[in-house]
Amino acid sequence: MDINLLYKLFLSIFFISSINAQEGNAEADFSGVWNNFPPEGTRSFQNSQLIGELPPMTPWARALYDQAKPTFGAMGVPVLETNDPVYQCFRPGTPRIYMHPFPMEIIHTPGRVLMIFEYDHVVRQIFTDGRDHRTDLGPMWMGDSIGYWDDGVLVVETVNFNDRTWIDREGVPHSDELKVVERMYLDDEENLVIDIEITDPVAFTESWSGRRRYRKVDWVIEEFSCMDNFTFKAWEEELAEYD
């Protein structure tokens, strides 16, 4: 075969491979403020659960769940009786942060995607510069997040959690072996979709998943200051006595 033809063929293959690699790593633009926009059939539990039923818990997790005193769900109690960690102003954790009905802003920077939640002004960093998970950190409330782009989808893996948060607002627990994998992408209507997979061999008998959906809004993130359960006392008593 002619050497020039071989050279041209090589260049063509290299060029096509380069284009495919670039397309495979294409980044979508999630910039802006997003508010919850639940898919049909999920609105009844959007503010308290990731899915509309209990996940497949191990006996260890079920025992902790039975001890929980959430303010939502079938076991819901008044705020003064709850043992929900967020009422002590602790971070809600991932993915629970998505269940609090407040907007979030996403900001892209080189090698990093920032999620700024209005709820308690939680800032979540997702590093996309190719780094591995850090090994010099103690267990974290929101976990350590790294991600990569896959054809317009941001794939995020979060690990290194403490075991003090709940998966949702109804008391589903997890261990420090929790791993959360998210796939974030824009659907055909430019809504932000987040598919969430939960894996925790101590707390759950198998992996399970849920979905959140958001639409862009012309808002700004406002100030939010956490108030612990003692601050709620006078307000709740006044509400209970309201005629």
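Let us look at the structure shown here. (Residues numbered from 1 in each chain as written. Predicted model: local features only at pLDDT ≥ 70, side-chain atom pairs only at ≥ 80, totals over all residues. Heavy atoms only, no water.)

Attention now moves to the environment of Gln-125. Take Gln-125: it is sitting in strand S4 (residues 123-127). For Gln-125, a relative accessible area of 34% puts it in the partly exposed group. Taking C-alpha positions, Gln-125 is 10.0 Å from Gly-147, a pair spaced 22 residues apart along the chain. In terms of polar contacts, Gln-125 uses its side chain to reach the side chain of Arg-112, at 2.5 Å. (Helix = DSSP H or I, 4+ residues; strand = E, 2+ residues; numbered from the N terminus. Buried < 20%, exposed > 50% of the residue type's maximum accessible area, 1.4 Å probe, protein only. Polar contact = N/O pair within 3.5 Å; in protein donor to acceptor, adjacent residues only side chain to side chain.)

For the structure on display, the rule yields one disulfide. Paired by a disulfide, Cys-89 and Cys-226 hold their sulfur atoms 2.1 Å apart. On the S-S bond that ties Cys-89 to Cys-226, the torsion sits near -100°, and the link is left-handed. Residue Cys-89 is found in the loop between helix H2 (59-67) and strand S2 (104-109), and its partner Cys-226 is found in the loop between strand S9 (208-217) and helix H3 (229-240); the two are separated by 137 residues along the sequence. For Cys-89, a relative accessible area of 28% puts it in the partly exposed group. Residue Cys-226 is classed as partly exposed on the basis of its relative accessible area, which comes to 22%. (Disulfide = S-S within 2.5 Å.)

In spatial order, the strands read S1-S2-S3-S4-S5-S6-S7-S8-S9; together these nine strands close into a barrel with mixed pairing. Going from strand to strand, the sheet's axes swing by 30° on average, the running direction of each strand aside. (Pairing = 2+ DSSP bridges. Axes fitted to C-alpha atoms, helices over the stretch in contact; angles between N-to-C directions.)

Attention now moves to the packing of aromatic side chains. What the rule picks out here adds up to eight aromatic pairs. On the numbers, 5.7 Å between centres and 50° between planes, the contact of Phe-102 with Tyr-119 is tilted. Of this pair, Phe-102 sits in the loop between H2 and S2 while Tyr-119 is found in the loop between strand S3 (112-117) and S4, placing the two residues 17 residues apart along the sequence. A relative accessible area of 28% places Phe-102 in the partly exposed class. Ring centres 5.0 Å apart and planes at 50° place the aromatic pair Tyr-119 and Phe-224 in the tilted group. Placement of the pair is Tyr-119 in the loop between S3 and S4 and Phe-224 in the loop between S9 and H3, with a sequence separation of 105 residues. Judged by relative accessible area, which is 9%, Tyr-119 ranks as buried. Looking at Phe-224, the relative accessible area reads 23%, which means it is partly exposed. Members of the aromatic cluster, joined through ring pairs, are Tyr-98, Phe-117 and Tyr-214. Taking NZ or CZ as reference, Arg-131 lies 3.9 Å from the ring centre of Phe-127, over its face. In this arrangement the basic side chain of Arg-164 is found over the ring face of Phe-90, its NZ or CZ atom lying 4.8 Å from the centre. (Phe/Tyr/Trp six-rings, centres within 6.5 Å; stacked < 30°, edge-to-face > 60°. Lys NZ or Arg CZ within 6 Å of the ring centre and 35° of its normal.)

Okay, the side chain of Arg-96 next. Within the fold, Arg-96 resides in the loop between H2 and S2. At 2.8 Å, the side chain of Arg-96 forms a polar contact with the side chain of Asp-84. Within the local environment of Arg-96, its side chain forms a polar contact with the side chain of His-100, the two groups lying 3.1 Å apart. Beyond its immediate chain neighbours, meaning those up to four positions away, Arg-96 contacts Asp-84, Val-86, Trp-166, Ile-167, Asp-168 and Arg-169. (Contact = heavy atoms within 4.5 Å.)

So, on to the pairing of strand S5 (residues 144-150). Within S5, five of the seven residues are buried, leaving the element largely enclosed by the surrounding structure. Here S4 pairs with S5 via two bridges, running parallel. Pairing of Ile-126 across the sheet is with Ser-145, part of S5. The hairpin turn running from S5 into strand S6 (residues 153-159), its antiparallel successor, is two residues long, and Asp-151 in that turn takes a positive phi close to 55°.

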